[in-house]
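Residue-level structure breakdown
Each chain, letter by letter, is given below.
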Amino acid sequence: MTSAETAGGPNGSGAAAVLAAAIGWFVLGVLALAGDTVPSVKRALTLWKPTGGLSGVTTVAIVAWLVVWLVLGRRWRDRDVKLGVVGASSAALLVGGLLLTFPPFMDFLQGK
Amino acid sequence: MELTVRDALTVLHGMVFGGLLLLGYSGAVVAICAMSAAGDPWKPQARGEKALSLYLTLLAGLAWLAVLFGAYVIYPWYRAVPPTGADLAGFPQRFLMSSPTTTEWHDIGMEWKEHVAWLAPISLTACAWIFRRYGGRLRVMKGLRNLLLGLVLTAFAATCVAGFFGAMLNKFAPVRGGGEIVLMKGETGDER
């Protein structure tokens, strides 16, 4: 759905918010796997000892999400983007993020 | 009738923040679907638009409260390492991992819950922002409205996973301890 989304205005800002969220989900998954696989990464991600690696995994993912949102939001603010592509990419990133945080799949990737 | 401080804070995390959040999803889904209805879709007036925007912002706020409280208040108690010879009942993670019949509640349940729960606040923040930015115009923006609904459903699914495992983990290895809060005193069976 384009052409200024049937007179609702450019959809770029909304698309940026959706894609940035999806990138945030995926980064969370990648970091969760990295922290689980590499001890030095887990140590680096331990920003607050009582919460362990989770503190760094989520903080870095949130920062990545917000930075991507800021950049995409500025670039796409006045643009009308193809939401089908944004939706498909976001769905793929969601599946990837979910799988990378799902312990049996993490174990499978690590050959456990 | 008493409970510990950790019991009470776990209830605040799961039943107040998480429970209210789960209840709130239906309102968001109904509002978005009403705007999509064929024929005569809901056209929010300025006041309704403002109210829905506030509603989505509150949902996002509840999701943030739930995950932050869970990660930084409850989780440290859950994963605390016991001193040698300590009773594992006060150390939920180690207690679950001490038996082959319960260890998967930690290895799969908590390991997934602690990460997947964060999809909810991220998704709901994006939802709240999109509605605030576009408001009633979403009625004619089918593509964006569908993505908005997708975000809400993603957040709902993530909350369901986190809520289910949270409830089960607390059933098998409750996070307990701290001071005791006496809610009510009653008579024992012998005194009646």
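Residues numbered from 1 in each chain as written. Chains lettered and ligands numbered in written order. Predicted model: local features only at pLDDT ≥ 70, side-chain atom pairs only at ≥ 80, totals over all residues. Heavy atoms only, no water.

Right, let's talk about the overall build of chain B for a bit. Counting secondary structure elements, chain B contains 6 helices and 2 strands. Taken from N to C terminus, the helices and strands of chain B fall in the order β-α-α-α-α-α-α-β. For 192 residues, the compact-globule estimate of 2.2 N^0.38 gives 16 Å, and the C-alpha radius of gyration of chain B, at 21 Å, exceeds that figure by more than 25%. Reported as C-alpha extents along the three principal axes, the dimensions of chain B are approximately 65 × 40 × 25 Å. Counting every position in chain B, which comprises 192 residues, the buried fraction comes to 45%. (Helix = DSSP H or I, 4+ residues; strand = E, 2+ residues; numbered from the N terminus. Rg over C-alpha atoms; globule rule 2.2 N^0.38 Å. Buried < 20%, exposed > 50% of the residue type's maximum accessible area, 1.4 Å probe, protein only.)

Helix and strand content of chain A: 6 helices and 0 strands. Overall, chain A shows an N-to-C arrangement of helices and strands of α-α-α-α-α-α. In terms of overall dimensions, chain A is more spread out than a globule: its C-alpha atoms have a radius of gyration of 17 Å, far above the 13 Å expected for 112 residues. By principal-axis analysis of the C-alpha atoms, chain A measures approximately 50 × 30 × 15 Å. Here chain A holds 112 residues, and the buried ones make up 46% of them. Here chain A displays about 5400 Å² of accessible surface, and carbon together with sulfur accounts for 69% of that area. If you average the places of the 9 positive and of the 5 negative side-chain charges in chain A, the two averages end up 11 Å apart. (Areas by Shrake-Rupley, 256 points an atom, 1.4 Å probe, with all protein chains shown as cover. Lys, Arg positive; Asp, Glu negative; His and termini not counted. Charge placed at Lys NZ, Arg CZ, Asp CG, Glu CD.)

Residue and element names in this part refer to chain B. On the secondary structure map, Phe17 appears in helix 1 (residues 5–36). Phe17 sits 39 residues away from Leu56 along the chain, and the two C-alpha atoms are 14 Å apart. Residues contacting Phe17, with those up to four places away along its chain left out, are Leu12, Leu62, Leu65, Ala66 and Phe69. (Contact = heavy atoms within 4.5 Å.)

Residue and element names in this part refer to chain B. One pass over the full model with this rule turns up 1 salt bridge over all chains. Between Arg176 and Asp7 there is a salt bridge, and its shortest N-O distance comes to 2.7 Å. Highlighted residues: Arg176 in the loop between helix 6 (142–172) and strand 2 (180–182) and Asp7 in helix 1, separated in sequence by 169 residues. With a relative accessible area of 14%, Asp7 lands in the buried category. (Salt bridge = Lys/Arg side-chain N within 4 Å of Asp/Glu carboxyl O.)

The interhelical angle for the contact between helix 2 (residues 12–37) of chain A and helix 5 (residues 119–134) of chain B, taken along N-to-C directions, is 175 degrees, at an axis separation of 9 Å. Our classification of the angle between helix 2 of chain A and helix 5 of chain B gives roughly antiparallel. Where helix 2 of chain A approaches helix 5 of chain B, its residues A:Gly12, A:Ser13, A:Gly14, A:Ala17, A:Val18, A:Ala21, A:Trp25 and A:Leu28 are matched on the opposing element by B:Leu119, B:Ile122, B:Ser123, B:Ala126, B:Trp129, B:Ile130, B:Arg133 and B:Tyr134. (Axes fitted to C-alpha atoms, helices over the stretch in contact; angles between N-to-C directions. Parallel < 35°, antiparallel > 145°, perpendicular 65-115°, else oblique.)

Averaged over all residues, the pLDDT of chain A is 94; the fraction at 70 or higher stands at 94%. Here helix 1 (residues 3–7) of chain A stands out as the least confident element of chain A, with mean pLDDT 59; helix 4 (residues 53–76) of chain A is the most confident, with 98. (pLDDT = per-residue confidence, 0-100.)

For any pair of aromatic rings, geometry is given as the distance between the ring centres together with the angle between the planes. For the coordinates displayed, the defined rule picks out 15 aromatic pairs over all chains. Both rings, one in A:Trp65 and one in A:Trp69, keep their centres 5.7 Å apart while their planes meet at 25 degrees; by these two values the pair is stacked. With A:Trp65 and A:Trp69 both in helix 4 and 4 residues apart, the pair spans about one turn of that helix. When sorted by exposure, A:Trp65 lands in the same class as A:Trp69, which is buried. Plain terms: the ring middles of A:Phe105 and A:Phe108 are 6.0 Å apart, the flat faces sit at 35 degrees to each other, and that makes the pair tilted. Here A:Phe105 and its partner A:Phe108 are both found in helix 6 (residues 103–109), 3 residues apart, which amounts to about one turn of the helix. Among the residues examined, A:Phe105 registers a relative accessible area of 25% and is labelled partly exposed. Owing to a relative accessible area of 61%, A:Phe108 belongs among the exposed residues under this scheme. Through successive ring pairs, a cluster of aromatic residues spans A:Phe102, B:Trp105, B:Trp112, B:Phe164, B:Phe165 and B:Phe172. Residue placement shows B:Arg133 over the ring face of B:Tyr134; its charged tip is 5.2 Å from the ring centre. (Phe/Tyr/Trp six-rings, centres within 6.5 Å; stacked < 30°, edge-to-face > 60°. Lys NZ or Arg CZ within 6 Å of the ring centre and 35° of its normal.)

Here we come to the packing of helix 2 (residues 46–78) of chain B against helix 5 of chain B. All names here are of chain B. Taken N-terminus to C-terminus, the directions of helix 2 and helix 5 make an angle of 165 degrees; their axes are 8 Å apart at the nearest point. As far as their axial angle goes, helix 5 and helix 2 are roughly antiparallel. The interaxial crossing formed by helix 2 with helix 5 has left-handed handedness. Along the contact surface, helix 2 presents Glu49, Leu52, Ser53, Leu56, Thr57, Leu59, Ala60, Ala63, Trp64 and Val67, while helix 5 presents Ala120, Pro121, Ile122, Leu124, Thr125, Cys127, Ala128, Phe131 and Arg132. (Left-handed = near helix turned anticlockwise from the far one by under 90°.)

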